[in-house]
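Residue strings, one per chain:
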Amino acid sequence: MEWGARVKVPTTLNAISVDKRRWREQGIDAAFGEPAAALGDAYLDMGARVSFTCAPYLLDSAPRLGEQIVWAESNAVVYANSVLGARTLKYPDYLDICIALTGRAPLSGCHLPDQRHASLRIDLPALDELDDAFYPLLGYHVGLLCGSEIPVICGLEHAQPDLDDLKAFGAAFATTSAAPMFHITGVTPEAPSAERALGGQAPTQVFQVSQMDLLESWWELNSADEPEVDLVSLGNPHFSFSECARLAALCAGRRKHPDTALVITCGRAIHERAREAGHVATLEAFGAQFVTDTCWCMLGEPVIPPAARTLMTNSGKYAHYAPGLVGRRVHFGSLAECVDAACSGRASGRLPAWLQLGEATEEPAHV
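Summarised in this report is the structure supplied together with it. Every chain begins its residue count from 1, and numbering advances along the sequence as written. The predicted nature of this model means local features are confined to residues of pLDDT at least 70 and side-chain atom pairs, given and counted, to a pLDDT of 80 or more, with totals for whole chains, interfaces and linings taken over all residues. The side-chain numbers reported here are obtained from all heavy atoms of the structure, hydrogens and water having been left aside.

## Notes on the overall build of the protein
Keep this limit in mind: Under the DSSP-based scheme used, a helix requires at least four consecutive residues in state H or I and a strand at least two consecutive residues in state E, with every element numbered from the N terminus. With C-alpha atoms as the basis for the radius of gyration, the globule rule is written as 2.2 Å multiplied by the number of residues raised to the power 0.38. Exposure is judged per residue with a 1.4 Å probe applied to protein chains only, and the accessible area is read against the type maximum: over 50% gives exposed, under 20% gives buried, and values in between give partly exposed. In this description, contact between two residues means that some pair of their heavy atoms is separated by no more than 4.5 Å. A 1.4 Å probe and the Shrake-Rupley method give the accessible areas. Residues count as covered only by the protein chains that appear here. By the counting rule applied here, Lys and Arg register as positive and Asp and Glu as negative, while His and the ends of each chain are not counted. Charge positions come from single atoms, namely NZ of Lys, CZ of Arg, CG of Asp or CD of Glu.
A tally of regular secondary structure across the protein gives 12 helices and nine strands. In terms of C-alpha radius of gyration, the protein reaches 20 Å, essentially the compact-globule figure of 21 Å for 367 residues. Each principal axis of the C-alpha distribution contributes one length, and for the protein these read about 55 × 55 × 40 Å. A burial count over the protein gives 51% of its 367 residues as buried. Here the contacts in the protein between residues at least 6 apart in sequence split such that 75% fall between residues at least 24 apart. A total accessible area of about 16200 Å² is found for the protein, and carbon and sulfur atoms account for 51% of it. Looking at the protein, you have 28 positive and 44 negative side-chain charges, and the mean spots of the two groups are 7 Å apart.

Here is the structure:
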């Protein structure tokens, strides 16, 4: 920056370590908050856009099918490649800003059409009564199967997952897999069929996913031993406008439990749209708090209440990372289950209908 560096291509910024406008009122130590905010300023001074979101595909600058881009955030890379059909690799820190400054990137990997084909096929069982917890759980489980290979997932042709479902799937998938993208037959743009997604080649391996497989992954994400919920964590990746609307509808006319916090992270642009639509007022009346610019993978105390022992989230990504990042056990479930927990202060422990298998659905003992 001191050398007069300026980006040569339009550049958005990932979430930073603090809510840049409100970290002081949130009780963040200045020794952490000041350099974090200064780092954001350095990128802005080089010409980057004021975005500060881990979900840049929600911005009005979202790339189009076939567009060559350079993104680094893992969930964003997977979403761009898989859902939008744009082309990027998973770029490491600092290489991304070097590319922004030069306007040049390696011509390799998913930038090339023949490197975007699936090599694995994953077949799903017939499942009914799916809710929004299904997609992050499935993404988490599929990622465990894939390693660094690109999968094509078969069996969701009639499920009609929406963009929020695909966002949740991709974020959890990117948590457990090193692959830069996925295909879902009949859903994602380069997979009108499994054959097209595979590039006309036979898969190197075929996995048959069972309900029992998914149930085992469910218990992996549900690490909490006790039903109490001290914090409901939403927005990993950042909440979309449609998620804000859904949450507001679930919370309207209700009030959270006084001992349970509910915190939502989102980008500034989405927060402003939600505010104009009245969703922020509804959620704040419920008792929710909004945090912008940063995300749960970088948040700690005091945004996470120091006395909190257990949290609940609808994010497969955060359910996986939270125990290691913040030392809290996790309840994972749908958005509606998260709201119910915020109201009662307790997780219900109910399994979704699509995972109910009779006696086999009982949770394994914690020892």
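After presenting the structure, the write-up continues.
## A short note on helix H7 (residues 211-221)
Each α-helix winds once per 3.6 residues, and so residues spaced three or four apart point in a common direction. Along H7, the residues that are buried comprise Leu 214, Leu 215, Ser 217, Trp 218, Trp 219 and Leu 221. In this fold, the buried residues of H7 make contact with helix H4 (134-146), helix H11 (316-326) and strand E9 (329-332).

## Brief notes about the pairing of E9
This is how it is decided: Here a strand pair is declared whenever DSSP counts at least two bridges between the two strands. Here is how to tell: hold the view so the strands point away, follow the path from the first strand over the helix to the second, and if it runs clockwise the crossover is right-handed.
Summarising the sheet, strand E8 (residues 310-313) and E9 pair through four bridges and their orientation is parallel. Across the sheet, residue Met 312 finds its bridge partner in E9, namely His 331. Handedness of the crossover is the feature at issue here: the chain leaves E8, passes through H11, returns alongside E9, and the resulting connection is right-handed.

## What to know about the side chain of His 279
Within the secondary structure, His 279 is located in helix H10 (residues 279-286). Look at His 279 and you get buried, because its relative accessible area is 17%.

## Description of the packing of H4 against H7
Here is the rule: Interaxial angles span 0 to 180 degrees and are taken between N-to-C directions of axes, which are lines fitted to C-alpha atoms, for helices over the stretch in contact. Here the angle decides the label: under 35 degrees means roughly parallel, over 145 means roughly antiparallel, 65 to 115 means roughly perpendicular, and every other value means oblique. Classes in brief: Ala, Val, Leu, Ile, Met, Phe, Trp, Tyr, Cys and Pro nonpolar; Asp, Glu, Lys and Arg charged; the others, Gly included, polar.
Close contact between H4 and H7 brings their axes to 10 Å; oriented N to C, the two are set at 100°. Considering their axes alone, H4 and H7 lie roughly perpendicular with respect to each other. Here Phe 134, Leu 137, Leu 138, Tyr 140, His 141 and Leu 144 of H4 lie close against H7, whose contacting residues are Asp 213, Leu 214, Ser 217, Trp 218, Glu 220 and Leu 221. Here the contact of H4 with H7 is composed, by residue class, of eight nonpolar, two polar and two charged.

## A few points about helix H1 (residues 30-45)
Under the convention used in this document: By definition here, a helix of n residues has an expected span of 1.5 Å times n minus one.
Between the first and last C-alpha of H1 there are 22 Å, a value that for 16 residues agrees with the 22 Å anticipated at 1.5 Å per step. Taken together, the buried positions of H1 are occupied by Gly 33, Ala 36, Ala 37, Gly 40 and Ala 42. Phi turns positive, to about 105°, at Gly 47, one or two residues after H1.

## Points about the nonpolar core
Taken as a class, soluble globular proteins show a tendency for nonpolar side chains to be buried jointly. Selection rule: Only buried Ala, Val, Leu, Ile, Met, Phe, Trp, Tyr and Cys residues count toward a nonpolar core, and they belong to the same one when joined by side-chain atoms within 4.5 Å.
The biggest cluster of nonpolar side chains holds 67 residues, and the ones touching the most others in it are Phe 134 and Ile 153. Broken down by element, the residue count for this core peaks at seven residues, all from H4. Not counting chain neighbours up to four residues away, the residues in contact with Phe 134 comprise Leu 124, Leu 127, Leu 156, Leu 214 and Trp 354.

## Quick notes on the sheet that holds strand E6 (residues 261-266)
Pairing in this open sheet of five strands is parallel, and the strands run E7-E6-E5-E8-E9 from one edge to the other. In this open sheet, the two edge strands, each paired with only one partner strand, are strand E7 (289-292) and E9. Here the strands of the sheet are splayed against their neighbours by 25° on average, with no regard to which way each runs. Pairing between E6 and E7: four bridges, direction parallel. Paired with Thr 265 across the two strands is Val 291, which belongs to E7.

## Digging into the packing of aromatic side chains
Each pair of aromatic rings is reported with the distance of its centres and the angle of its planes. What counts, and what does not: Between the rings of Phe, Tyr and Trp (Trp by its six-membered ring), a pair exists once the centres lie within 6.5 Å; its type follows the angle of the planes, with under 30 degrees stacked, over 60 edge-to-face, and the other angles tilted.
If you walk through the whole model with that rule in mind, you get nine aromatic pairs. Plain terms: the ring middles of Phe 134 and Trp 354 are 5.2 Å apart, the flat faces sit at 85° to each other, and that makes the pair edge-to-face. In this pair, Phe 134 is assigned in helix H4 and Trp 354 in the segment after helix H12 (335-344), connecting sequence segments 220 residues apart. Take Phe 134: its relative accessible area is 1%, and that puts it in the buried class. Here the aromatic rings of Trp 296 and Tyr 318 are separated by 5.5 Å at their centres, their planes lie at 40°, and the arrangement is tilted.

## Overview of unusual backbone geometry
Look at the link from Asn 236 to Pro 237: it is a cis peptide, with omega at 0°. Its place among the elements puts Pro 237 in strand E5 (residues 231-239). Along the chain, Glu 301 connects to Pro 302 via a cis peptide bond; the corresponding omega equals 5°. Following the sequence through the fold, Pro 302 ends up in the loop between E7 and E8. In this structure, Glu 129 takes a positive phi of about 55° despite not being glycine. Take Glu 129: it is sitting in the loop between strand E1 (120-123) and H4.

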